[in-house]
Amino acid sequence: MRRDYPVLLLAIPGMLIILAFQYYPLYGNVIAFQDFQPYLGVSRSLWNGVENFNVIISGDPEFLNAVKNTLILTLIQTVVVFPAPIVVAITLHTLLSNKLRQLVQSILYLPHFMSWVIVVAVFQQVLGGTGMINNWLRSHGYDALHIIGNAEAFRALLTSQVMWKDTGWATILFLAVLSQIDRSLYEASAVDGSTRWQQILHVTLPGLKPIIILLLILRLGDSLSVGFEQIILQQPAVGKAASEVLDTYVYNNGILGGAWGVSAAVGLVKGVIGLALVLTANKLAHRLGEEGIYRG
(Lines give C-alpha, C1' and ligand atoms only; values in the text may rest on other atoms or scores of the structure.)
Protein backbone atom coordinates (compact mmCIF):
# COMPACT_ATOMS: atom_id res chain seq x y z
CA MET A 1 0.00 0.00 0.00
CA ARG A 2 2.79 2.41 0.94
CA ARG A 3 4.77 1.61 -2.20
CA ASP A 4 1.84 1.85 -4.63
CA TYR A 5 -0.16 4.69 -3.06
CA PRO A 6 0.25 7.03 -6.11
CA VAL A 7 -1.34 4.42 -8.37
CA LEU A 8 -4.09 3.74 -5.83
CA LEU A 9 -4.87 7.45 -5.59
CA LEU A 10 -5.20 7.61 -9.36
CA ALA A 11 -7.61 4.65 -9.24
CA ILE A 12 -9.93 6.27 -6.68
CA PRO A 13 -12.05 8.29 -9.20
CA GLY A 14 -12.65 5.21 -11.32
CA MET A 15 -13.50 3.15 -8.25
CA LEU A 16 -16.00 5.78 -7.10
CA ILE A 17 -17.67 5.77 -10.53
CA ILE A 18 -17.96 1.97 -10.45
CA LEU A 19 -19.40 2.06 -6.93
CA ALA A 20 -21.90 4.79 -7.82
CA PHE A 21 -23.12 3.42 -11.15
CA GLN A 22 -22.54 -0.35 -10.88
CA TYR A 23 -22.77 -1.43 -7.23
CA TYR A 24 -25.04 1.12 -5.55
CA PRO A 25 -27.88 0.49 -8.07
CA LEU A 26 -27.87 -3.17 -6.95
CA TYR A 27 -29.76 -1.93 -3.88
CA GLY A 28 -32.69 -1.25 -6.20
CA ASN A 29 -33.20 -5.01 -6.61
CA VAL A 30 -35.30 -4.93 -3.43
CA ILE A 31 -38.04 -3.48 -5.64
CA ALA A 32 -38.47 -7.01 -7.02
CA PHE A 33 -39.96 -7.98 -3.65
CA GLN A 34 -42.14 -4.91 -3.17
CA ASP A 35 -45.29 -3.32 -4.49
CA PHE A 36 -43.10 -0.39 -5.37
CA GLN A 37 -44.66 3.06 -5.67
CA PRO A 38 -42.30 5.84 -6.88
CA TYR A 39 -43.92 8.51 -4.71
CA LEU A 40 -43.41 6.33 -1.60
CA GLY A 41 -39.88 5.20 -2.40
CA VAL A 42 -38.14 1.97 -1.47
CA SER A 43 -38.29 2.55 2.27
CA ARG A 44 -42.11 3.02 2.48
CA SER A 45 -43.35 0.73 -0.30
CA LEU A 46 -45.14 -2.41 0.88
CA TRP A 47 -43.44 -5.80 0.67
CA ASN A 48 -45.25 -8.50 -1.32
CA GLY A 49 -42.80 -11.41 -1.21
CA VAL A 50 -42.36 -13.21 -4.53
CA GLU A 51 -45.63 -12.02 -6.06
CA ASN A 52 -43.75 -10.07 -8.74
CA PHE A 53 -42.15 -13.31 -9.93
CA ASN A 54 -45.54 -14.78 -10.92
CA VAL A 55 -45.04 -13.66 -14.55
CA ILE A 56 -42.03 -16.00 -14.63
CA ILE A 57 -43.51 -18.84 -12.60
CA SER A 58 -46.91 -18.86 -14.32
CA GLY A 59 -45.45 -18.33 -17.81
CA ASP A 60 -46.97 -15.00 -18.82
CA PRO A 61 -47.33 -15.06 -22.67
CA GLU A 62 -45.64 -11.67 -23.13
CA PHE A 63 -42.75 -12.72 -20.90
CA LEU A 64 -42.36 -16.05 -22.71
CA ASN A 65 -42.35 -14.25 -26.06
CA ALA A 66 -39.59 -11.95 -24.78
CA VAL A 67 -37.58 -14.95 -23.57
CA LYS A 68 -38.00 -16.73 -26.90
CA ASN A 69 -36.87 -13.70 -28.93
CA THR A 70 -33.95 -13.10 -26.56
CA LEU A 71 -32.70 -16.68 -26.79
CA ILE A 72 -33.01 -16.77 -30.58
CA LEU A 73 -31.12 -13.49 -30.99
CA THR A 74 -28.50 -14.63 -28.48
CA LEU A 75 -27.95 -17.84 -30.43
CA ILE A 76 -27.72 -16.00 -33.75
CA GLN A 77 -25.30 -13.41 -32.43
CA THR A 78 -23.13 -16.04 -30.71
CA VAL A 79 -22.90 -18.20 -33.83
CA VAL A 80 -22.69 -15.43 -36.46
CA VAL A 81 -21.52 -12.19 -34.83
CA PHE A 82 -18.98 -13.50 -32.31
CA PRO A 83 -16.72 -15.29 -34.88
CA ALA A 84 -16.84 -12.37 -37.36
CA PRO A 85 -14.07 -10.28 -35.66
CA ILE A 86 -11.86 -13.37 -35.51
CA VAL A 87 -12.22 -13.93 -39.26
CA VAL A 88 -11.61 -10.24 -40.01
CA ALA A 89 -8.58 -10.09 -37.70
CA ILE A 90 -6.99 -13.16 -39.29
CA THR A 91 -7.68 -11.74 -42.76
CA LEU A 92 -6.12 -8.39 -41.89
CA HIS A 93 -3.16 -10.08 -40.23
CA THR A 94 -2.33 -11.93 -43.44
CA LEU A 95 -2.30 -8.77 -45.58
CA LEU A 96 1.26 -8.02 -46.67
CA SER A 97 0.86 -4.25 -47.01
CA ASN A 98 0.79 -2.38 -43.69
CA LYS A 99 -0.71 0.70 -45.36
CA LEU A 100 -3.55 -1.36 -46.82
CA ARG A 101 -4.14 -3.00 -43.45
CA GLN A 102 -4.30 0.37 -41.67
CA LEU A 103 -6.70 1.76 -44.28
CA VAL A 104 -9.06 -1.22 -43.97
CA GLN A 105 -8.89 -1.06 -40.16
CA SER A 106 -9.77 2.64 -40.12
CA ILE A 107 -12.80 2.04 -42.36
CA LEU A 108 -13.99 -0.89 -40.24
CA TYR A 109 -13.54 0.99 -36.94
CA LEU A 110 -15.61 4.02 -37.99
CA PRO A 111 -19.17 2.61 -37.44
CA HIS A 112 -18.36 1.76 -33.81
CA PHE A 113 -18.26 5.46 -32.93
CA MET A 114 -21.76 6.07 -34.30
CA SER A 115 -24.73 5.93 -31.94
CA TRP A 116 -27.49 3.42 -32.59
CA VAL A 117 -29.73 6.29 -33.62
CA ILE A 118 -27.38 7.08 -36.51
CA VAL A 119 -26.86 3.41 -37.41
CA VAL A 120 -30.61 2.77 -37.60
CA ALA A 121 -31.07 5.95 -39.65
CA VAL A 122 -28.34 4.86 -42.09
CA PHE A 123 -29.99 1.47 -42.61
CA GLN A 124 -33.35 3.15 -43.14
CA GLN A 125 -31.86 5.46 -45.76
CA VAL A 126 -30.32 2.49 -47.55
CA LEU A 127 -32.90 -0.30 -47.07
CA GLY A 128 -36.12 1.60 -46.27
CA GLY A 129 -39.18 1.84 -48.50
CA THR A 130 -37.89 5.09 -49.97
CA GLY A 131 -34.25 4.21 -49.42
CA MET A 132 -31.42 4.17 -51.89
CA ILE A 133 -31.75 0.51 -52.93
CA ASN A 134 -35.54 0.58 -53.40
CA ASN A 135 -35.37 3.85 -55.35
CA TRP A 136 -32.82 2.24 -57.67
CA LEU A 137 -34.97 -0.89 -58.06
CA ARG A 138 -38.08 1.15 -58.92
CA SER A 139 -36.20 3.32 -61.39
CA HIS A 140 -35.12 0.15 -63.23
CA GLY A 141 -38.56 -1.47 -63.23
CA TYR A 142 -38.08 -3.92 -60.36
CA ASP A 143 -40.26 -4.49 -57.31
CA ALA A 144 -39.16 -2.82 -54.08
CA LEU A 145 -37.81 -4.89 -51.20
CA HIS A 146 -39.71 -4.84 -47.91
CA ILE A 147 -36.94 -5.03 -45.30
CA ILE A 148 -37.35 -2.16 -42.83
CA GLY A 149 -40.55 -2.83 -40.88
CA ASN A 150 -40.71 -6.47 -41.99
CA ALA A 151 -41.14 -8.66 -38.91
CA GLU A 152 -39.84 -11.75 -40.72
CA ALA A 153 -36.59 -10.00 -41.69
CA PHE A 154 -36.13 -8.25 -38.34
CA ARG A 155 -33.65 -10.72 -36.81
CA ALA A 156 -31.49 -10.71 -39.93
CA LEU A 157 -31.61 -6.90 -39.95
CA LEU A 158 -30.54 -6.68 -36.29
CA THR A 159 -27.67 -9.10 -36.89
CA SER A 160 -26.41 -7.20 -39.92
CA GLN A 161 -26.54 -3.91 -37.99
CA VAL A 162 -24.53 -5.35 -35.09
CA MET A 163 -21.94 -6.81 -37.45
CA TRP A 164 -21.57 -3.56 -39.40
CA LYS A 165 -21.25 -1.46 -36.23
CA ASP A 166 -19.05 -3.55 -33.95
CA THR A 167 -17.10 -6.14 -35.95
CA GLY A 168 -14.27 -3.78 -36.87
CA TRP A 169 -13.85 -2.51 -33.32
CA ALA A 170 -13.84 -6.04 -31.88
CA THR A 171 -10.89 -6.99 -34.11
CA ILE A 172 -8.54 -4.75 -32.08
CA LEU A 173 -8.09 -7.31 -29.31
CA PHE A 174 -7.56 -10.21 -31.71
CA LEU A 175 -5.06 -8.24 -33.79
CA ALA A 176 -3.12 -7.41 -30.62
CA VAL A 177 -2.92 -11.11 -29.73
CA LEU A 178 -1.96 -12.05 -33.28
CA SER A 179 0.94 -9.58 -33.20
CA GLN A 180 2.34 -11.46 -30.17
CA ILE A 181 2.48 -14.86 -31.88
CA ASP A 182 6.09 -15.85 -32.56
CA ARG A 183 6.83 -15.39 -36.28
CA SER A 184 9.27 -18.29 -36.15
CA LEU A 185 6.29 -20.63 -35.76
CA TYR A 186 4.97 -19.51 -39.14
CA GLU A 187 8.43 -19.78 -40.68
CA ALA A 188 8.92 -23.30 -39.30
CA SER A 189 5.52 -24.42 -40.56
CA ALA A 190 6.25 -22.93 -43.99
CA VAL A 191 9.54 -24.85 -44.13
CA ASP A 192 7.63 -28.02 -43.29
CA GLY A 193 5.39 -27.35 -46.30
CA SER A 194 2.30 -26.08 -44.52
CA THR A 195 -0.24 -24.17 -46.58
CA ARG A 196 -1.67 -20.83 -45.45
CA TRP A 197 -4.82 -22.59 -44.24
CA GLN A 198 -2.78 -25.12 -42.26
CA GLN A 199 -0.81 -22.29 -40.64
CA ILE A 200 -4.05 -20.64 -39.57
CA LEU A 201 -5.40 -23.94 -38.25
CA HIS A 202 -2.32 -25.05 -36.31
CA VAL A 203 -0.57 -21.79 -35.39
CA THR A 204 -2.98 -18.84 -35.51
CA LEU A 205 -6.08 -20.37 -33.90
CA PRO A 206 -4.17 -22.05 -31.01
CA GLY A 207 -2.57 -18.65 -30.34
CA LEU A 208 -6.01 -17.04 -30.22
CA LYS A 209 -7.59 -19.80 -28.13
CA PRO A 210 -7.13 -18.18 -24.66
CA ILE A 211 -8.59 -14.81 -25.67
CA ILE A 212 -11.44 -16.49 -27.59
CA ILE A 213 -12.42 -18.49 -24.49
CA LEU A 214 -12.15 -15.43 -22.25
CA LEU A 215 -14.35 -13.28 -24.51
CA LEU A 216 -16.84 -16.11 -24.98
CA ILE A 217 -17.21 -16.40 -21.19
CA LEU A 218 -17.82 -12.67 -20.91
CA ARG A 219 -20.23 -12.87 -23.84
CA LEU A 220 -22.23 -15.59 -22.07
CA GLY A 221 -22.54 -13.38 -19.00
CA ASP A 222 -24.12 -10.68 -21.14
CA SER A 223 -25.91 -13.07 -23.46
CA LEU A 224 -29.44 -12.14 -22.35
CA SER A 225 -28.81 -8.48 -23.25
CA VAL A 226 -29.14 -8.27 -27.01
CA GLY A 227 -29.22 -4.53 -27.68
CA PHE A 228 -31.89 -2.50 -25.93
CA GLU A 229 -31.37 0.80 -27.73
CA GLN A 230 -31.04 -0.84 -31.14
CA ILE A 231 -34.30 -2.74 -30.72
CA ILE A 232 -36.41 -0.08 -28.98
CA LEU A 233 -35.71 2.34 -31.85
CA GLN A 234 -37.14 -0.12 -34.38
CA GLN A 235 -39.84 -1.80 -32.28
CA PRO A 236 -42.74 0.43 -33.37
CA ALA A 237 -42.18 -0.55 -37.01
CA VAL A 238 -42.29 -4.33 -36.49
CA GLY A 239 -44.37 -4.78 -33.33
CA LYS A 240 -43.63 -6.45 -30.02
CA ALA A 241 -44.32 -10.00 -31.21
CA ALA A 242 -41.17 -10.00 -33.34
CA SER A 243 -39.00 -7.57 -31.39
CA GLU A 244 -39.78 -7.83 -27.67
CA VAL A 245 -36.74 -9.03 -25.68
CA LEU A 246 -36.12 -9.09 -21.94
CA ASP A 247 -34.59 -5.60 -21.84
CA THR A 248 -37.44 -4.00 -23.77
CA TYR A 249 -39.94 -6.03 -21.71
CA VAL A 250 -38.50 -4.48 -18.54
CA TYR A 251 -38.66 -1.01 -20.09
CA ASN A 252 -42.16 -1.32 -21.54
CA ASN A 253 -43.67 -2.82 -18.39
CA GLY A 254 -41.65 -0.90 -15.82
CA ILE A 255 -40.95 2.59 -17.13
CA LEU A 256 -43.96 2.86 -19.45
CA GLY A 257 -46.42 0.47 -17.81
CA GLY A 258 -45.69 1.26 -14.18
CA ALA A 259 -45.15 -2.39 -13.18
CA TRP A 260 -41.90 -1.53 -11.40
CA GLY A 261 -41.75 -4.63 -9.22
CA VAL A 262 -42.42 -7.07 -12.05
CA SER A 263 -39.78 -5.46 -14.23
CA ALA A 264 -37.25 -5.51 -11.39
CA ALA A 265 -38.00 -9.20 -10.80
CA VAL A 266 -37.39 -10.04 -14.46
CA GLY A 267 -34.18 -8.01 -14.48
CA LEU A 268 -32.98 -9.71 -11.29
CA VAL A 269 -33.60 -13.20 -12.69
CA LYS A 270 -31.81 -12.22 -15.89
CA GLY A 271 -28.79 -11.06 -13.89
CA VAL A 272 -28.70 -14.25 -11.81
CA ILE A 273 -28.84 -16.40 -14.96
CA GLY A 274 -26.02 -14.35 -16.51
CA LEU A 275 -23.89 -14.85 -13.39
CA ALA A 276 -24.57 -18.60 -13.44
CA LEU A 277 -23.55 -18.80 -17.10
CA VAL A 278 -20.26 -16.99 -16.39
CA LEU A 279 -19.40 -19.25 -13.45
CA THR A 280 -20.29 -22.41 -15.40
CA ALA A 281 -18.34 -21.35 -18.48
CA ASN A 282 -15.35 -20.42 -16.33
CA LYS A 283 -15.36 -23.86 -14.71
CA LEU A 284 -15.47 -25.42 -18.17
CA ALA A 285 -12.52 -23.26 -19.25
CA HIS A 286 -10.53 -24.56 -16.26
CA ARG A 287 -11.29 -28.13 -17.31
CA LEU A 288 -9.93 -27.29 -20.78
CA GLY A 289 -6.72 -26.02 -19.22
CA GLU A 290 -7.39 -22.30 -19.73
CA GLU A 291 -7.26 -19.47 -17.19
CA GLY A 292 -10.78 -18.15 -17.88
CA ILE A 293 -11.64 -14.89 -16.14
CA TYR A 294 -10.24 -16.00 -12.77
CA ARG A 295 -8.58 -18.96 -11.11
CA GLY A 296 -10.36 -20.73 -8.25
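Scroll up to find the structure this text is about.
Now for a look at the structure at hand.

**Some words on helix α7 (residues 116-127)**
Reasoning step 1: Between its terminal C-alpha atoms α7 stretches 16 Å, which fits the 16 Å expected from twelve residues at 1.5 Å a residue.
Reasoning step 2: The set of residues buried in α7 consists of Trp 116, Val 119, Val 120, Phe 123 and Leu 127. The arc that holds every buried residue of α7, seen down its axis, measures 95°, which confines them to one face.
Reasoning step 3: Packed against the buried residues of α7 are α8 (132-139), α9 (154-179) and α12 (228-238).

**Focus: the side chain of Gln 77**
Reasoning step 1: Along the chain, Gln 77 turns up in helix α4 (residues 61-81).
Reasoning step 2: Beyond its immediate chain neighbours, meaning those up to four positions away, Gln 77 contacts Phe 82, Val 162, Arg 219 and Val 226.

**Describing the pattern of salt bridges**
Reasoning step 1: Applying the stated criterion to the full structure yields three salt bridges.
Reasoning step 2: Asp 166 serves as the salt-bridge partner of Lys 165, at 3.9 Å between the closest nitrogen and oxygen.
Reasoning step 3: The class of Lys 165 is buried, set by a relative accessible area of 8%.
Reasoning step 4: Judged by its relative accessible area of 26%, Asp 166 is partly exposed.
Reasoning step 5: Among the ionic pairs, Asp 247 bridges to Lys 270, the shortest N-O distance being 2.4 Å.

**Topic: the packing of α7 against α8**
Reasoning step 1: Running from N to C, α7 and α8 cross one another at 5°; their axes reach a closest spacing of 3 Å. Comparing their axes, α8 and α7 come out roughly parallel. Together, Gln 125, Val 126 and Leu 127 of α7 and Met 132, Ile 133 and Asn 134 of α8 make up the contact between the two elements.

**Quick word on the environment of Ala 32**
Reasoning step 1: With respect to the helices and strands, Ala 32 occurs in the loop between α1 (5-23) and β1 (34-35).
Reasoning step 2: Counting along the chain gives 231 residues from Ala 32 to Ser 263, while the straight-line C-alpha distance between them is 7.5 Å.
Reasoning step 3: The residues touching Ala 32, leaving out its near neighbours within four places in the chain, are Gly 49, Asn 52, Phe 53, Gly 261, Ala 264, Ala 265 and Leu 268.

**A word on the packing of aromatic side chains**
Reasoning step 1: One pass over the full model with this rule turns up eight aromatic pairs.
Reasoning step 2: Taking the centre distance of 5.2 Å and the plane angle of 80° together, the rings of Phe 113 and Trp 169 count as edge-to-face. One end of the pair, Phe 113, is in the loop between α6 (98-109) and α7; the other, Trp 169, is in helix α9, and 56 residues separate them in sequence.
Reasoning step 3: Between the aromatic rings of Phe 228 and Tyr 251, the centroid separation amounts to 5.3 Å while the plane-to-plane angle is 65°, which identifies the pairing as edge-to-face. Remark: Tyr 251 occurs in helix α14 (residues 246-256) and Phe 228 occurs in helix α12; sequence separation between them is 23 residues.
Reasoning step 4: Its relative accessible area of 30% is what places Phe 228 among the partly exposed residues.
Reasoning step 5: Owing to a relative accessible area of 29%, Tyr 251 belongs among the partly exposed residues under this scheme.

**Observations regarding the side chain of Arg 101**
Reasoning step 1: Inspection of the secondary structure assignment puts Arg 101 in helix α6.
Reasoning step 2: Among the polar contacts listed, one links the side chain of Arg 101 to the backbone oxygen of Leu 92, at a separation of 3.1 Å.
Reasoning step 3: Not counting the four nearest positions on each side in its chain, Arg 101 is found in contact with Leu 92, His 93 and Leu 95.

**Points about the nonpolar core**
Reasoning step 1: Ile 86, Ile 90, Phe 174, Leu 175, Leu 178, Leu 208 and Ile 212 are the most contacted members of the largest nonpolar core, which has 16 residues in total.
Reasoning step 2: Mapped onto this core, the elements with two or more residues apiece are α5 (83-93), α9 and α11 (196-221).
Reasoning step 3: Broken down by element, the residue count for this core peaks at five residues, all from α11.
Reasoning step 4: In this structure Leu 178 touches Ala 89, Ile 90, His 93, Thr 204 and Leu 208, once residues within four positions along its chain are discounted.
Reasoning step 5: Among the nonpolar cores identified, the runner-up in size contains eight residues, and Val 55, Phe 63, Tyr 249 and Val 262 belong to it.

**Notes on the packing of helix α10 (residues 183-191) against α11**
Reasoning step 1: In the contact formed by α10 and α11, the axes pass within 10 Å of each other and the chain directions differ by 150°. In the packing of α10 onto α11, the handedness of the crossing is right-handed. Residues Leu 185, Tyr 186, Ser 189 and Ala 190 of α10 form the contact with α11, whose own contacting residues are Gln 199, Val 203 and Thr 204.
Reasoning step 2: Per-class residue counts for the contact of α10 with α11 are four nonpolar, three polar and no charged.

**Examining a nonpolar patch on the surface**
Reasoning step 1: On the surface, a nonpolar cluster with roughly 820 Å² of combined accessible area is contributed by Tyr 5, Leu 9, Ile 12, Leu 16, Ile 18, Leu 19, Tyr 23 and Leu 26.
Reasoning step 2: Summarising the element assignment, Tyr 5 is placed in helix α1.

Rules used throughout
- Within every chain, residues take consecutive numbers counted from 1 along the sequence as written.
- At least 70 in pLDDT is required for a residue's local features to be given in this predicted model, at least 80 for side-chain atom pairs to be given and counted, and no such filter applies to totals for whole chains, interfaces and linings, which use all residues.
- For side-chain calculations, the full set of non-hydrogen atoms in the structure is used, while hydrogens and water are omitted.
- In this description a helix means any DSSP run of H or I spanning at least four residues, a strand means any run of E spanning at least two, and both kinds are numbered starting from the N terminus.
- In a helix, the anticipated span is given by 1.5 Å times the number of residues less one.
- Here's how the labels work: a residue is buried when its accessible area is under 20% of the maximum for its type, exposed when over 50%, partly exposed in between, all with a 1.4 Å probe on protein chains only.
- By arc we mean the arc of the directions from the helix axis to the C-beta atoms, nothing more.
- The contact rule is simple, with two residues in contact once any of their heavy atoms fall within 4.5 Å.
- What counts as a salt bridge is simple: a side-chain nitrogen of Lys or Arg found within 4 Å of a carboxyl oxygen of Asp or Glu.
- Throughout, an axis means a line fitted to C-alpha atoms (over the contacting stretch in the case of helices), and angles, computed between N-to-C directions, take values from 0 to 180 degrees.
- Should an angle fall under 35 degrees it is taken as roughly parallel, and over 145 as roughly antiparallel, whereas 65 to 115 is taken as roughly perpendicular and any remaining angle as oblique.
- Pairing of aromatic side chains requires ring centres within 6.5 Å, counting the rings of Phe and Tyr and the six-membered ring of Trp. Pairs whose planes differ by under 30 degrees are stacked, by over 60 edge-to-face, and all others tilted.
- Any N or O atom pair separated by 3.5 Å or less is treated as a polar contact, with the protein-specific requirement of one donor-capable and one acceptor-capable atom, and with residues adjacent in sequence counted only for side-chain atom pairs.
- Among buried residues, the Ala, Val, Leu, Ile, Met, Phe, Trp, Tyr and Cys ones that are joined through side-chain atoms within 4.5 Å form a nonpolar core.
- Two helices that cross are described as forming a left-handed crossing if the nearer one is turned anticlockwise from the farther one by less than a right angle, and a right-handed crossing if clockwise.
- The classification used treats Ala, Val, Leu, Ile, Met, Phe, Trp, Tyr, Cys and Pro as nonpolar, Asp, Glu, Lys and Arg as charged, and all other residues, Gly among them, as polar.
- Patch rule: a residue counts if its relative accessible area is over 30% and it has no salt bridge; like charges are joined within 9 Å, and nonpolar side chains (Val, Leu, Ile, Met, Phe, Trp, Tyr) within 5 Å.
- Here, Shrake-Rupley sampling with a 1.4 Å probe gives the accessible areas, and only protein chains in the shown set may cover a residue.

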